[in-house]
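Coordinate analysis (summary)
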Amino acid sequence: IKVAIMLAVFASCCYSQDAVPKAYQQDALEIAARKAVLVDLDTRKKNLMAQSDDMASIAKSLNGFDFNNAMSISDHAQHGMIYLDAVYWFVGTYDRMQYVEDKNVAKAVLQDRLGFYALMLDMAVDRTNGHLGLTRVPAVAQQGQRIRDELRAAKVKLDEIAASLK
C-alpha cells in the first residue's frame, strides 16, 4: 500500500501541468509568439511580391513616364521584400540561439538591423508617396497605394519586433 501511494504521488507530481517549470512555459509562449512573427513577416513579403508582380503587369501596357513611374513603385516593393527577407532570417537565427551570452550579442545586432530596415521601409513609403503624386494612370495609383500600405504595415511590424526585444 505504501508503494502504491508513493507511485500515485510521484505520478501526480511529475505529470501534472503545474509541475512544468514556469520558465519552460514562458519559453513556449515566447517561441509561439516568435513563430507567429515569422509567419507574419513571410506573409507580408509574399504580399509585396504579388503586388510588385501586379504592378509590373500593369506597366507592360504603359510607355514613357507612366511606365517608369509604375516600375519605380514596383522597385520599392521589391526593396521591401529584400528588407523583410533579411529580418526574417535575423529573427529566425536569433530565436534558435540557446546560449544567453550569444543571444545577448545577437540581440544588439538584431535591434540595430530592425532599426535600419524600419528606416529603409519608412523611406520606401515616402518615395512611393512621391511617385503616387505623379501618376496619371488610375490602376497604377491603386496598386501603388496597396504597395505603400503594405510597406507601412511592414515597418510597423518591425517596430513591434524591436519593442518586444527590450
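Refer to the preceding data block for the structure.
Attention in this report is confined to the structure presented alongside it. Quantities reported herein were computed from a predicted structural model and do not represent experimental measurements.

1. What to know about the overall build of the protein
Looking only at helices and strands, one finds five helices and zero strands in the protein. Reading the helices (α) and strands (β) of the protein from amino to carboxyl end gives α-α-α-α-α. A burial count over the protein gives 34% of its 166 residues as buried. In the protein, the share of contacts with a sequence separation of at least 24, taken over all contacts with a separation of at least 6, comes to 76%. Accessible surface for the protein amounts to roughly 10,400 Å². Of this, 60% is attributable to carbon and sulfur atoms.

2. A closer look at helix α4 (residues 100–134)
Helix length check: α4 (35 residues) gives 51 Å between terminal C-alpha atoms against 51 Å at 1.5 Å per residue, within 8%. Of the positions making up α4, those classed as buried are Ala106, Leu110, Leu114, Tyr117, Ala118, Met120, Leu121, Ala124, Val125, Thr128 and Leu132. For α4, the secondary structure elements touched by its buried residues are α3 (64–96) and α5 (138–164).

3. Looking at the pattern of salt bridges
Counted according to the given criterion, the structure contains twelve salt bridges. Taking the shortest distance from any N to any O, the salt bridge between Arg113 and Asp112 comes out at 3.1 Å. Assessed through its relative accessible area of 46%, Asp112 is described here as partly exposed. The partner of Lys157 in a salt bridge is Glu160, and the shortest N-O contact between them spans 3.5 Å.

4. A few points about a nonpolar patch on the surface
Taken together, the side chains of Phe90, Val105 and Val109 present a nonpolar region at the surface, about 250 Å² in accessible area. Residue Val105 is classed as exposed on the basis of its relative accessible area, which comes to 58%.

5. Considering the packing of α4 against α5
Interhelical geometry of α4 versus α5 gives an angle of 160° and a closest axis separation of 9 Å. By the angle between their directions, the pair α4 and α5 is classed as roughly antiparallel. Here α4 and α5 pass one another in a crossing that is left-handed. Looking at the contact of α4 with α5 residue by residue, the class counts come to 14 nonpolar, five polar and five charged.

6. Re the nonpolar core
The biggest cluster of nonpolar side chains holds 36 residues, and the ones touching the most others in it are Leu114 and Leu158. Going through the elements one at a time, α2 (22–59), α3, α4 and α5 are the ones with two or more residues in this core.

7. Considerations on the environment of Lys35
Position of Lys35 relative to the elements: it lies in helix α2. Separated by 57 residues in sequence, Lys35 and Gly92 have C-alpha atoms that sit 8.5 Å apart.

Parameters and conventions
Residues numbered from 1 in each chain as written. Predicted model: local features only at pLDDT ≥ 70, side-chain atom pairs only at ≥ 80, totals over all residues. Heavy atoms only, no water. Helix = DSSP H or I, 4+ residues; strand = E, 2+ residues; numbered from the N terminus. Buried < 20%, exposed > 50% of the residue type's maximum accessible area, 1.4 Å probe, protein only. Contact = heavy atoms within 4.5 Å. Areas by Shrake-Rupley, 256 points an atom, 1.4 Å probe, with all protein chains shown as cover. Expected span 1.5 Å × (residues − 1). Salt bridge = Lys/Arg side-chain N within 4 Å of Asp/Glu carboxyl O. Patch = residues over 30% accessible without salt bridge, like charges linked within 9 Å, V, L, I, M, F, W, Y side chains within 5 Å. Axes fitted to C-alpha atoms, helices over the stretch in contact; angles between N-to-C directions. Parallel < 35°, antiparallel > 145°, perpendicular 65-115°, else oblique. Left-handed = near helix turned anticlockwise from the far one by under 90°. Nonpolar A, V, L, I, M, F, W, Y, C, P; charged D, E, K, R; others polar. Core = buried A, V, L, I, M, F, W, Y, C linked by side-chain atoms within 4.5 Å.

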